[in-house]
Amino acid sequence: MPYVTLAQLTDRFGEQMLISLTDRGTDALGVIDTDVVARALAETDALIDGYLARRYGLPLSAAQPMLVGVAGAITIYNLHIYEAPPKIEADYKDAIRTLTAIAQGTITLSAAGVEASSTGSTGAQITDRERPFTEDNLKGFI
């Protein structure tokens with residue numbers, strides 16, 4: 001399940017921007033190159049899955065509205081061949097920070113049927129056996 005679709009990208013960023021970023025042929029056709037967008041979407045999905053894999057079972061069972069914006073920002077940034085404008089770059093950095101927070105557990109996703117995995121750490125560990133070295137059995141060595 002992709003985190004963002006071409007239709008959502010078009011709604012958010014506009015058709016003109018997508019045309020200017022994807023129409024890379026020698027002859028400009030004036031249309032969105034869906035193959036270029038599909039590759040960028042696949043790269044974005046792989047990146048997001050990499051951040052989510054430690055905490056969530058993939059693929060996610062339900063669409064996450066927070067991830068639509070994150071995926072959109074990453075995809076548009078990746079579609080820029082050369083230097084991206086400052087706003088696009090700032091959105092990309094914010095998206096990566098959000099993914100990092102999700103991976104660390106600071107931000108949690110509320111997907112039905114998805115359980116956050118525990119870290120396995122419960123705090124203090126107690127040993128129930130006697131200490132092998134005590135003051136009594138070390139007399140003469142101390």
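For the structure itself, look to the data block above.
First, a word on what this report is: a plain description of the structure on this page. Think of each chain on its own: its residues are numbered from 1, step by step along the sequence as written. Totals for whole chains, interfaces and linings use all residues, but because this is a predicted model, local features are given only for residues with pLDDT of at least 70 and pairs of side-chain atoms are given and counted only at 80 or more. The side-chain values count all of the structure's non-hydrogen atoms but skip hydrogen atoms and water molecules.

As a further point, take the nonpolar core. Here, the term nonpolar core denotes a set of buried Ala, Val, Leu, Ile, Met, Phe, Trp, Tyr and Cys residues that are joined through side-chain atoms within 4.5 Å. Classification of residues uses two cut-offs on accessible area relative to the type maximum, computed with a 1.4 Å probe and protein chains only: under 20% is buried, over 50% is exposed, and between them is partly exposed. Residues L9, I48, L52, L67 and I76 are the most contacted members of the largest nonpolar core, which totals 30 residues. We count a stretch as a helix when DSSP gives it H or I for four or more residues in a row; a strand needs E for two or more, and each element gets its number in order from the N terminus. Secondary structure elements with two or more residues in this core: α1 (6–13), α2 (15–22), α3 (34–52), α4 (65–79) and α5 (86–104). In terms of residue count, the dominant contributor to this core is α4 (seven residues). The contact definition used throughout considers only heavy atoms, calling two residues in contact when any of these lie within 4.5 Å. Beyond its immediate sequence surroundings of up to four residues, L67 is in contact with Y3, L52, L60, L99, I102 and L109.

Turning to unusual backbone geometry, a few remarks are in order. Residue P59 follows L58 across a cis peptide bond; omega there is 0°. Secondary-structure assignment places P59 in the loop between α3 and α4.

What follows is about the packing of α3 against α4. Running from amino to carboxyl end, α3 crosses α4 at an angle of 130°, the nearest separation of the two axes being 9 Å. On the basis of their axis angle, the class for α3 and α4 is oblique. Crossing of α3 over α4 shows right-handed handedness. Only L67, V70, A71, I74, T75, N78 and L79 of α4 make contact with α3, whose side of the interface consists of V36, A40, L41, T44, L47, I48 and L52. As a working rule, the residues Ala, Val, Leu, Ile, Met, Phe, Trp, Tyr, Cys and Pro are called nonpolar, Asp, Glu, Lys and Arg charged, and the rest polar, with Gly in that last group. Per-class residue counts for the contact of α3 with α4 are eleven nonpolar, three polar and no charged. To obtain each axis, a line is fitted to C-alpha atoms, and for helices this fit is confined to the stretch in contact; angles are then taken between N-to-C directions over 0 to 180 degrees. For classification, angles of less than 35 degrees are called roughly parallel, those exceeding 145 degrees roughly antiparallel, those between 65 and 115 degrees roughly perpendicular, and all remaining angles oblique. Here a crossing is called left-handed whenever its near helix is offset anticlockwise from the far helix by less than a right angle, and right-handed whenever the offset is clockwise.

Pairs can form between side chains of opposite charge whenever their charged atoms are close. Counted as salt bridges are all cases of a side-chain nitrogen of Lys or Arg within 4 Å of a carboxyl oxygen of Asp or Glu. This model, assessed by the stated rule, comprises three salt bridges. The closest approach of N and O atoms between D91 and K87, which form a salt bridge, is 2.9 Å. On the criterion of helical spacing, the pair formed by D91 and K87 is a turn pair, its members being four residues apart in helix α5. Residue classification places D91 among the buried positions, given a relative accessible area of 18%. Taking the relative accessible area as the measure of exposure, K87 reaches 57% and is therefore exposed. Between D94 and R97 there is a salt bridge, and its shortest N-O distance comes to 2.2 Å. Residue D94 and its partner R97 are both found in helix α5; the two are separated by three residues, about one turn of the helix.

Glancing now at the packing of aromatic side chains. Side-chain rings of Phe, Tyr and Trp (the six-membered ring for Trp) are treated as a pair once their centres are within 6.5 Å; stacked means planes under 30 degrees apart, edge-to-face means over 60, and tilted covers the remaining angles. Here the structure, examined in full by the defined rule, presents one aromatic pair. Consider the rings of Y77 and Y92, whose centres lie 3.9 Å apart with planes at 15°: the pair is stacked. Pair noted here: Y77 is in helix α4 and Y92 is in helix α5, with a separation of 15 residues, a long-range link.

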